[in-house]
Structures are given as structure tokens and as C-alpha cells.
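Coordinate inspection notes
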Amino acid sequence: MIYLDYAATHPMTPEALAAYAQAAALPGNPASVHGAGQAARERLEEGRARVAAALNTDPRNLIANSGGTEGDNHVVLGMARAWQEKHGTPGHLITTPTEHSAVLAPARWLAAQGWAVTFLAPDPHGRYHPDQLAEALRPDTALISIHHANNEIGTVQDTPALAAVAAAGGVPYHSDAVQAPGVLKMDVAAWGVTFATISAHKWGGPRGVGFLYVRRGTVLPAITLGGGQEGGLRPGTQDTAGVYAAGVALTHAEEQREATFAHLSASRARFLERISGIPDLRVNHPPEGSPKVVSVTLPGADGEALLMNLDMLGIAASAGSACAAGTMQPSHVLTAIGLSESDARASLRFSFGRATTEAEIDRAAEALAQAAAWSRS
């Protein structure tokens, strides 16, 4: 099997697996005061510190959680709760139609509760612009939530410029940055964001582990109740092994980030060149976007059949976000940037990693041409 679905999950690295096994062997709960508990606490905090160093922030600004979905929900629903507790009425949320479902679902839930929600209109490449955001601000805007790098088409936003607009308006800014670490430079201090969510399985760490960056001094209510772990913002026993392995994996990913970026750029260019002869194929991702992702449309083909054909040919790809797999709905990202529902259903996402080889790229291109011919016949 040739694995080209790194945007969904990056396989755990050998370093992460070894770190996980080492920390998982520790018997203590990191909240316990005895020696065994404190040994676990040391591993937990070392993992957090490694992640913080990669993001250029203080470890105390990171909440360990289960990943991007929990972090996105925490910010959107938590800030909505803070607004209503302060003002007594629903407020206004600004987001985009190309966000991950972990932002869109709570945004739509808030709309059903009486919140005003503005969805900024993307340009044909899925970009949003500072002037556009400034025009959408209102006195009751409680939060702005915009992806940094899109998980389906790889569009990278000018997060510092957008966050500057939010700061000028006194509005908290949240960036779903799950696709950034290990590929794109991530500096939350330079970005000027209030919140950022990341997930370890995107950079070779374990699944089910993530972090929410909360800028110092920001009031964010908890949305789950229990003990006092993670400053009371995310109660529950921490995953010591997961956090430690996530930190070790991110340290290695950051050490290789520039080389990884160059490798992914070369992989994407080679793949696009190899598939350029497929009739009527269209490319959806912007050329200056994340090199990790290639999104293509093959009009007249059936996306589900394409994926099944590719799987039979030994290629693992996807039709879009893994979190939406099996819904049989066209990609909301692709329809938002102007594709018809039929073309969105005829689209595929290939995503590359550090281990992707030229031979795998060439074989995947051949398989796509074969799969397209079968699906269109």
C-alpha cells in the first residue's frame, strides 16, 4: 500500500513510538504527589515544553487535550459562553465556510441558539483578506475563527494580518493550525493570535492527543467540569505517554521542517507533472499553498469509485477531510470555492509526507490515470 493520506494522519514516527512506550511504562498519575506521580508529571511537562518551544510560547500557555476537534469546540463554545455570561445575550461570530467541521458544527449550533454568524466569502483559492474581515466586524463580535492551513486544499492564510485586524477591533482570534506543525513555521507570538489548536497525529505523534494555545491573560471558560487538571480548563487525567510522545515527535519534525518542506514541494511538483496528461483534470489547490496537499477534480468521474479503484491499485488517498468520510456529501470546502456539487464529488485529495518517495509518486500517478479511466468508462 502506498500511503498518500498524510493530511488525515501522519503515521507515528519511531521516535514517538519509543517515547510513548517509555512514558507508558511509568505507573503514576501525574496529579499524584508521590514519587511515581511526580515521575509521570516530569514526562508530561517535558512533552508540553517541547511543543511550546516549537510554537514559540511558554508551556503554561498550552492546554493538553484530545486533539483539534476538542480544541476548536472549546474555543468556539467557551468564548460564546463567556460572552453570554458577561452580556446576557447572544453575540456575533465570524468564521468561514471552508473551516473544518470542528469549527463549523459549533458555529451552526450557536446560530440555532440565536447567535449571529458571519461566514466570510472565499476567493477562488479559499483565501480571506484583512479588509474583508474588517468590514465584517461588529460591536458584538465575540470571536473570529479562521483556519491557518486548509486541510483539503492546502490554502495558507495570512494569519498575522488577519489577527492584526482582530486585535485592532478588540476581538479574540482563533486559528485552527492543525495542518501547520512540521511543515509550516508556526510562531503564535509572531502571529498575534489569541488561540490556536494543533493535533499530534498530524506530525507523527499519537492519535487522540492535541494542544490548545491560550494567550496569557485570556479568559476562556471550561466546557467540561471535573478536577483541576490543565488549570481547570480541561479536567481529567492527562495522557502522560501521549503528551510526551507528541513533544518528542514535534521536536524531530521541527528539526527537519525546512528539509520536509522542500521534499514535499518536490513531491507535489512531480505528482502534478505526472498526472498532467489525464484528460480534463483540474487542480484545486493554490500553487503557493501548503506543499503537503494536492487536490484534483476529474469531471465525469465518481469520487467514491475513484477511491475504491485507487485502493484496489494499492493507493491510499481521500476525498477530503477524514472527519467527513462516509457522509456521501460533496466537500463543503470545494463547493465554497465555486465547484459544483458534481465536480466536488469527482475530487480527490493526495497528501504527502517525509517518507514519500519518487517511486511512490510515479506509481500513484499511474494508478490515478487508470482509476480515472475505469470510473469514466
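For the structure itself, consult the block above.
A few points on the structure. (Residues numbered from 1 in each chain as written. Predicted model: local features only at pLDDT ≥ 70, side-chain atom pairs only at ≥ 80, totals over all residues. Heavy atoms only, no water.)

1. Overview of the packing of aromatic side chains
Under the defined criterion, the tally for this structure stands at three aromatic pairs. Measuring from centroid to centroid gives 4.8 Å for Phe271 and Phe350, while their planes differ by 55°, and the two rings are tilted. One end of the pair, Phe271, is in helix H9 (residues 257-275); the other, Phe350, is in strand E12 (residues 347-351), and 79 residues separate them in sequence. Both rings, one in Phe271 and one in Phe352, keep their centres 5.8 Å apart while their planes meet at 70°; by these two values the pair is edge-to-face. Of this pair, Phe271 sits in helix H9 while Phe352 sits in the loop between E12 and helix H13 (358-376), and the two are 81 residues apart along the sequence. No difference in accessibility class separates Phe271 from Phe352, as the two residues are buried. An aromatic cluster is present here, built from Phe271, Phe350 and Phe352 joined pairwise through their rings. Directly above the aromatic system of Tyr244 lies the positively charged group of Arg43, at a separation of 5.1 Å from the ring centroid. (Phe/Tyr/Trp six-rings, centres within 6.5 Å; stacked < 30°, edge-to-face > 60°. Helix = DSSP H or I, 4+ residues; strand = E, 2+ residues; numbered from the N terminus. Buried < 20%, exposed > 50% of the residue type's maximum accessible area, 1.4 Å probe, protein only. Lys NZ or Arg CZ within 6 Å of the ring centre and 35° of its normal.)

2. Focus: the sheet that holds strand E6 (residues 173-176)
One open sheet holds the seven strands; their spatial order is E2-E8-E7-E6-E5-E3-E4, and the pairing between them is mixed. At either end of the open sheet lies a strand with only one pairing partner, and these are strand E2 (62-65) and strand E4 (116-119). Recorded for the sheet is a direction-independent mean angle of 20° between the axes of neighbouring strands. Bridge analysis of strand E3 (residues 92-95) against E4 gives four bridges, and the strand direction is parallel. When the sheet's bridge partners are listed, Thr95 is paired in E4 with Phe119. Against the sheet, helix H4 (residues 101-112) contacts E3, E4, strand E5 (141-145) and E6, and its axis sits at roughly 150° relative to E3. Along the sheet, helix H6 (residues 159-168) makes contact with E5 and E6, crossing E6 at roughly 155°. (Pairing = 2+ DSSP bridges. Axes fitted to C-alpha atoms, helices over the stretch in contact; angles between N-to-C directions. Contact = heavy atoms within 4.5 Å.)

3. Thoughts on the pairing of E3
The alternating pattern of E3 places His92 and Ile94 and Leu93 and Thr95 on opposite faces, both of which are buried. Note on the crossover from E3 through H4 to E4: the handedness is right-handed. Across three bridges, E3 lies against E5 in parallel orientation. Looking at the pairing, Leu93 lines up with Leu143 of E5. (Right-handed = clockwise from strand over helix to strand, strands pointing away.)

4. Some points on the packing of H9 against H13
Helix packing for two helices is described by the angle between their axes and how far apart those axes are. Across the interface, H9 lies against H13 with an axial gap of 9 Å and an inter-helix angle of 30°. Judged by the inter-axis angle, H9 sits roughly parallel to H13. For the crossing formed where H9 meets H13, the hand is right-handed. Here Ser267, Arg270, Phe271, Arg274 and Ile275 of H9 come into contact with H13, specifically with Glu358, Ile361, Asp362, Ala364, Ala365 and Leu368. Each residue belonging to the contact of H9 with H13 can be placed in one class, and the counts come to six nonpolar, one polar and four charged. (Parallel < 35°, antiparallel > 145°, perpendicular 65-115°, else oblique. Left-handed = near helix turned anticlockwise from the far one by under 90°. Nonpolar A, V, L, I, M, F, W, Y, C, P; charged D, E, K, R; others polar.)

5. Concerning the nonpolar core
By size, the foremost hydrophobic cluster in this structure holds 73 residues, and its most contacted members are Phe211, Phe271, Phe350 and Leu368. It is helix H8 (residues 240-255) that provides the largest number of residues to this core, a total of nine residues. In contact with Leu368, not counting residues within four places along its chain, are Phe271, Ile275, Ile278, Leu281, Val296, Leu298, Leu310, Leu348 and Phe350. With 17 residues, the next largest nonpolar core counts Met79, Leu93, Trp115 and Leu212 among its residues. (Core = buried A, V, L, I, M, F, W, Y, C linked by side-chain atoms within 4.5 Å.)

6. Concerning the environment of Leu264
As for its position among the elements, Leu264 is in helix H9. Along the backbone, Leu264 and Phe352 are 88 residues apart, and their C-alpha atoms lie at a distance of 6.4 Å.

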